[in-house]
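Observations on the model geometry
Here is what each chain is made of, one letter per residue.
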Amino acid sequence: MAEAHHNEVDAASGVSTTGHEWDGIRELNNPLPRWWLWTFYACIAWAVAYWVVYPAWPMVSSYTSGVLGWRSRDAVQVQLAGLRAQRAVFAEKLEAASLDQIEQNPELLAFARAQGRAAFGDNCAPCHGAGAGGAKGYPNLNDDDWLWGGSLEQIHATITHGARSTDDAGHQGNMPAFGTDGILQRPDILAAADYVRSLSGLPPAPDAQIAKGKEVFEANCAACHGPEGKGNQELGAPNLTDGIWLYGSSRADIVADITHGRGGIMPAWGGRLDEGTIKALTVYVHTLGGGK
Amino acid sequence: MSASLEAAAPEAATATEDDAPLYAARRKIYPIAVHGRFRRIKWTILIVTLGIYYLLPFVRWDRGPGAPSQAVLIDFPNRRFYFFFIEIWPQEIYYITGLLILAALVLFFMNAVAGRIWCGYLCPQTVWTDLFQAIERLVEGDPRERREKLKHASRGQRAFEAAAKHVLWLMVAWWTGGAWVLYFADAPTLTMQLLKGQGPLVAYAWIGILTFTTYVLAGHMREQVCTYMCPWPRIQAALTDEYAFNVTYRYDRGEPRGSFKKTEALKLAGLPGGDCVDCKQCVAACPTGVDIREGAQLGCIQCGLCIDACDAIMTKLSRPAGLIAYDTEMNVRARQEGKPEQYRVLRPRTLLYAALIVVIGGIMVGTLATRSSENVAIIHDRNPFFVLLSDGSIRNAYTVRLVNKELVERRFSIAVAGVPEARVEVMGEPKEGGLPVVTVGPDQTTEVRLLVSTHTRLPAAASLDVDFTISDLATGASASARDHFKGP
């Protein structure tokens, strides 16, 4: 029956029908244009060839690798090599120049600041903030107060080796936990906190025992923070006489510092970043405004 | 089932008859050559406009050392546009916007005065198509000659002529693309590079693209660009009015059309006889293949070639020229009805366009003449907004971009006003007379990091208005910008 209808021409449209009929409605036979059909076939052939040539099918623990042996990881390596080659001109200059030379050469300075800003965003911003503004416990790198020193060489050393890091050459030195380790009793800690606040001219609490605190300070704290509380960058002991407080300046904050101790960790970037990038970061941080 | 189908069939059949096909196959147009006033105008415009297009990149303009010496140059790598004595920076793109607005208004003005002048004489599509058709006639002969050749000439000769035509077309197209890229680099240098095969890939790519588009649009698409692709005919039809001059067939004079003998006889007998002898030369001369005698229409680009074709015939017949002429439909009708003609070039529409052109042109010239050659832009640090220093003072940091639009190196001092006891420092820059000084190279910008700190105690969450003023140490010319100083 279907055969008999097959070449029947629909009167209204003048188009032949396929022979399919539903409730008297017949299907017109408008085949795809030939070029379209061949485009489909070409796509199918392309897909089959693609399976053979490129990685395609997942296997249990691996995948079919394709006859070309193409890997996306290799493609990335090629792009990275291209990027390195592109940067090589300046990167080599950065590696060859001293930090001072970089800061004094406007062209190198501009490049180092641009690369430093990008590297800072990638590596440092999670702790120090996108604009190096810091947070409680994470130093603000824009200001002029430096735990481990703010000269170019000192910043370079801190980035390369870190502080309290896995690198033996990194900065060492901890604020002991005077309270939890039982070195000082609670009244002594409160007194010491009051004395420390007085060093930078913060208003004293009504029950402040500054004289007693001074005694406690000289016996326990002065070894690292200095007799006047000016700090010691060799040990990362902060200056207690200035207006900058990494962990807060309230009495409760300082009591907590003395009781539990402090010791923020800066990772050592020496093995992870190349020397040119570390130099760029150094110059970038140094020129944020607080560099010595 | 089948009965109802058969019943429905006749209705369906009539429905299809009403549905004219949406697609019309293209009829190739081979216009005849004409001679006359409008043809001469078109040749002149063609030579002048193409001459400007092809030769302008080679015109030199001395701007001193370090600056390009090309009169018209779009310098993408350095982000500058040079036009003789004018230099445009990317942030001055509004001059280009103004130019485009002016161009649109001039287009509207021309349209209000005399219809599609742009389409008929100035549009690149018209100019290049005209050139390509001239080449076609040069190689293959006039349409009549061409038809004869198709019948009688040998296959070899026809193939040779077709090949010659396409080669010539491609050469013109290639030259068109070649001239285009010269606007984007130093023309003599790039020409030498291209000739030696050492030009940048992007130049070859653009030459290729423009060769292709010119060849296809002017050689093959021709009037289809105007009738199907271009929006202007639609906009033009909506903008025009009854006073605008158009290429018009004066049917008051032409109808009833008929052979010379017949109409002369009718005239002698005192009966109405038109001047149109239905020779169809106007149709044969039309580059878009329309019959102007059917009145104003979308396909007519109003190039005036039918006027020349008709005038030639009328002169031969000793009848007055101007059976087809720049006129208005309204006046044709008025003459037919014996009413007076109306010509109003000065009317609200034309006066408004002219006034707008003068105003916008005046604003552009005024701003160009008085624009400053130095500029300063400030970005306050977002993170952190402010920094507390160890001595208790507050510091804000800013990124300052100084712009020097002059072709010499200049030194600017930066003064900051609005912060009490402000200490101002620019990273890595010296101070002179207490103010930081920044050197900006010729025709360049320089970005510096500027720190402002104060020891004065500010109210909580203070935000002070701060004015930054840069002053040229040599000339005293200055520019300023405002930002804020934030406190804790």
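Reading the values: rules and limits
Along each chain, the written sequence defines residue order, and numbers are assigned to residues from 1. Each chain takes a letter, starting from A, and each ligand takes a number, starting from 1, following the order in which they are written. pLDDT decides what is reported in this predicted model: residues at 70 or higher carry local features, side-chain atom pairs at 80 or more are listed and counted, and totals for whole chains, interfaces and linings draw on all residues regardless. With hydrogens and water set aside, each side-chain value is computed from the structure's full complement of heavy atoms. The helix count covers DSSP runs of H or I at least four residues long, the strand count covers runs of E at least two residues long, and both are numbered beginning at the N terminus. Atoms counted for the radius of gyration: C-alpha only. Globule rule: 2.2 Å times the number of residues to the power 0.38. We call a set of buried residues a nonpolar core when its members are Ala, Val, Leu, Ile, Met, Phe, Trp, Tyr or Cys and they connect through side-chain atoms within 4.5 Å of each other. Under the scheme applied here, a residue whose accessible area is under 20% of the maximum for its type counts as buried, over 50% as exposed, and between as partly exposed, the area being computed with a 1.4 Å probe on protein chains only. Note on contacts: a residue pair is in contact if any heavy atoms of the two residues lie within 4.5 Å. At least two DSSP bridges between two strands are needed for those strands to be called paired. Aromatic pairs are defined between Phe, Tyr and Trp rings, using the six-membered ring for Trp, whenever the two ring centres lie within 6.5 Å; interplanar angles under 30 degrees are classed as stacked, those over 60 as edge-to-face, and all others as tilted. We call a charge positioned over a ring when the NZ of a Lys or the CZ of an Arg lies within 6 Å of the ring centre and within 35 degrees of the ring normal. What pLDDT expresses is the predictor's confidence in each residue, scored from 0 to 100. In plain terms, two cysteine sulfur atoms within 2.5 Å form what is called a disulfide here. Here the limits of each domain have been adopted from an automatic or database domain assignment. Accessible area that two parts lose when put together, evaluated with a 1.4 Å probe and summed over both, is termed the buried area. Take a side-chain nitrogen of Lys or Arg and a carboxyl oxygen of Asp or Glu: if they are within 4 Å of each other, that pair is a salt bridge. Polar contacts here mean pairs of N or O atoms no more than 3.5 Å apart (in protein, one a potential hydrogen donor and the other a potential acceptor; neighbouring residues in sequence count only if both atoms are side-chain atoms). Nonpolar residues are Ala, Val, Leu, Ile, Met, Phe, Trp, Tyr, Cys and Pro. Charged residues are Asp, Glu, Lys and Arg, and all others, Gly as well, are polar. Helix axes are fitted to C-alpha atoms over the stretch in contact, other axes to C-alpha atoms as well, and angles between N-to-C directions run from 0 to 180 degrees. Here the angle decides the label: under 35 degrees means roughly parallel, over 145 means roughly antiparallel, 65 to 115 means roughly perpendicular, and every other value means oblique. Note on convention: the crossing is left-handed when the near helix lies turned anticlockwise from the far helix by less than a right angle, right-handed when the turn is clockwise.

Let's talk about the overall build of chain A
Across its full length, chain A carries 12 helices and two strands. Helices and strands appear in chain A in the N-to-C order α-β-β-α-α-α-α-α-α-α-α-α-α-α. Relative to the compact-globule value of 19 Å for 292 residues, chain A shows a C-alpha radius of gyration of 35 Å, a clear excess of over 25%. Principal-axis analysis of the C-alpha atoms places the extent of chain A at approximately 115 × 55 × 40 Å.

Structural notes on the nonpolar core
Residue and element names in this part refer to chain B. Counting 26 residues, the largest nonpolar core has Tyr398, Val400, Leu402, Leu450, Val452 and Phe485 as its most contacted members. When contributions to this core are tallied by element, the ones reaching two or more residues are strand S6 (374-380), strand S8 (394-404), strand S9 (410-417), strand S10 (423-426), strand S12 (435-440), strand S13 (444-454), strand S14 (463-472) and strand S15 (478-486). Not counting residues up to four positions away in its chain, the partners in contact with Leu450 are Asn396, Ala397, Tyr398, Val400, Ile414, Val416, Val424, Glu425, Val426 and Phe468. Leu46, Val127, Ile135 and Ala218 belong to the second-largest nonpolar core, a separate cluster that totals 20 residues.

What to know about the sheet that holds S12(B)
Residues and elements named next belong to chain B. One open sheet accounts for five strands, arranged S11-S12-S9-S14-S15; its pairing is antiparallel. Here the strands that pair on one side only, and so sit at the sheet edges, are strand S11 (431-432) and S15. In the sheet, S9 pairs with S12 via four bridges, with the strands oriented antiparallel. Considered in S12, the bridge of Phe412 is made with Val438.

Things to note about the packing of aromatic side chains
All chains considered together, the criterion is met by 25 aromatic pairs over all chains. Each ring, one from Phe132(B) and one from Trp169(B), has its centre 5.4 Å from the other, and the planes form 25°; the classification is stacked. Residue Phe132(B) is found in helix H5 (residues 124-140), and its partner Trp169(B) is found in helix H7 (residues 155-182); the two are separated by 37 residues along the sequence. Accessibility expressed as a relative area gives 0% for Phe132(B), which makes it buried. Relative accessible area serves as the criterion here: at 1%, Trp169(B) is assigned to the buried category. By way of ring pairs, the aromatic residues Tyr53(B), Tyr54(B), Trp128(B), Trp175(B) and Tyr183(B) are connected into one cluster. Sitting over the face of the ring of Phe90(A), Lys93(A) holds its NZ or CZ atom 5.3 Å from the ring centroid.

Some points on the confidence of the model for chain B
All names here are of chain B. Chain-level statistics for chain B give a pLDDT mean of 90 and a share of 95% at 70 or above. The low-confidence segment residues 1-16 (pLDDT under 50) makes seven contacts with residues lying over four places distant or belonging to another chain. Note on the complex model: pTM 0.71, ipTM 0.71.

Some details on the state of the cysteines
Scanning the model with the defined rule gives zero disulfides over all chains in all. Summary of cysteine pairing: Cys124(A) is not part of a disulfide, and the nearest cysteine sulfur, belonging to Cys127(A), is at 8.9 Å. Cysteine Cys282(B) is unpaired, with the sulfur of Cys279(B) as its nearest cysteine sulfur at 6.3 Å. Looking at Cys282(B), the relative accessible area reads 9%, which means it is buried.

Concerning the domain arrangement of chain B
Residues and elements named next belong to chain B. Taken domain by domain, chain B holds domain 1 (37-60 + 123-230), domain 2 (95-114 + 241-371) and domain 3 (374-486). Across the boundary between the two partners, domain 1 contributes nine residues, which contact 11 residues of domain 2. Both faces considered, domain 1 and domain 2 share a buried interface measuring about 820 Å² in area, 67% of it formed by carbon and sulfur atoms. If you sort the residues of domain 1 by the area they bury against domain 2, Phe38, Glu223 and Thr227 come out on top, with a joint share of 51%. Scanning the region where domain 1 abuts domain 2 turns up zero salt bridges. Taken together, the links from domain 1 to domain 2 amount to three residue pairs in polar contact (both at pLDDT 80 or more). Broken down by secondary-structure element, the contributors of at least two residues to the side of domain 1 that touches domain 2 are helix H2 (37-55), H5 and helix H10 (223-229). Tallying contributions element by element places H2 first for the side of domain 1 that touches domain 2, with four residues. Grouping the amino acids of the side of domain 1 that touches domain 2 by side-chain chemistry returns two nonpolar, three polar and four charged.

Considering the sheet that holds strand S1 (residues 72-75) of chain B
Residue and element names in this part refer to chain B. If you walk across this open sheet you meet the three strands as S1-S2-S3, and the pairing is antiparallel. Of all the strands in the sheet, the pair left with one neighbour each is S1 and strand S3 (86-88). Pairwise comparison of adjacent strand axes, ignoring direction, gives a mean angle of 10° for this sheet. Note that S1 and strand S2 (residues 80-83) share four bridges and pair antiparallel. Of the residues in S2, the one forming a bridge with Leu73 is Tyr82.

Some words on the side chain of Gln302(B)
All names here are of chain B. Positionally, Gln302 belongs in the loop between helix H14 (281-285) and helix H15 (305-316). By relative accessible area, which is 7% here, Gln302 ends up buried. Reaching out from Gln302, the side chain makes a polar contact with the backbone nitrogen of Arg116 at a distance of 3.1 Å. A polar atom in the side chain of Gln302 sits 2.9 Å from the side chain of Asn246. Every residue in contact with Gln302, bar those within four places of it in the chain, is listed here: Ala114, Gly115, Arg116, Gly120, Tyr121, Phe245, Asn246, Val247 and Tyr326.

Quick notes on the packing of H5(B) against H7(B)
Residues and elements named next belong to chain B. The geometry of H5 relative to H7 is characterised by a closest axis approach of 9 Å and an angle of 150° between their N-to-C directions. On the basis of their axis angle, the class for H5 and H7 is roughly antiparallel. For the pair H5 and H7, the crossing hand works out as right-handed. On the side of H5, the interface is formed by Trp128, Leu131, Phe132, Ile135, Glu136, Val139 and Glu140, while H7 contributes Glu161, Ala162, Ala164, Lys165, Leu168, Trp169, Val172, Ala173 and Thr176. Of the residues belonging to the contact of H5 with H7, the class tally is 11 nonpolar, one polar and four charged.

Some remarks on the interface of chain A and chain B
Each partner contributes to the interface: chain A provides 24 residues, whereas chain B provides 15 residues. Summed over the shared surface of chain A and chain B, the result is zero salt bridges. The interface formed by chain A and chain B contains seven residue pairs in polar contact (both at pLDDT 80 or more). Tallied by class, residues from the side of chain A that touches chain B come to six nonpolar, 11 polar and seven charged.

Comments concerning the environment of Leu473(B)
Residue and element names in this part refer to chain B. Positionally, Leu473 belongs in the loop between S14 and S15. Overall, the relative accessible area of 39% leaves Leu473 in the partly exposed class. Taking the C-alpha atoms as reference points, Leu473 and Ile313, separated by 160 residues in sequence, lie 75 Å from one another. Those residues in contact with Leu473 that sit more than four places away from it in its chain are Arg411, Ser413, Glu432 and Val437.

Some thoughts on the pattern of salt bridges
Residues and elements named next belong to chain B. Taken as a whole and judged by the stated rule, the model has 45 salt bridges over all chains. With a shortest N-O distance of 3.2 Å, Arg80 and Glu87 are connected by a salt bridge. Notably, a salt bridge pairs Glu264 with Arg319, separated by 2.8 Å at the nearest N-O pair. Of this pair, Glu264 sits in helix H13 (residues 260-268) while Arg319 is found in the loop between H15 and strand S5 (324-327), placing the two residues 55 residues apart along the sequence. According to the relative accessible area criterion, Glu264 is partly exposed, its value standing at 28%. What makes Arg319 buried here is its relative accessible area of 6%. Among the charged side chains, a network of salt bridges with common partners joins Glu136, Glu140, Arg146, Lys165 and Arg222.

A closer look at the pairing of S2(B)
Residue and element names in this part refer to chain B. Only one face of S2 is buried, namely the one carrying Arg80 and Tyr82, since none of Phe81 and Phe83 on the opposite face is buried. The hairpin formed by S1 and S2 contains four residues between the paired strands, and Arg79 there has a positive phi angle of roughly 55°. Note: S2 against S3, three bridges, orientation antiparallel. From the neighbouring strand, Phe83 faces S3, where its bridge partner is Ile86.

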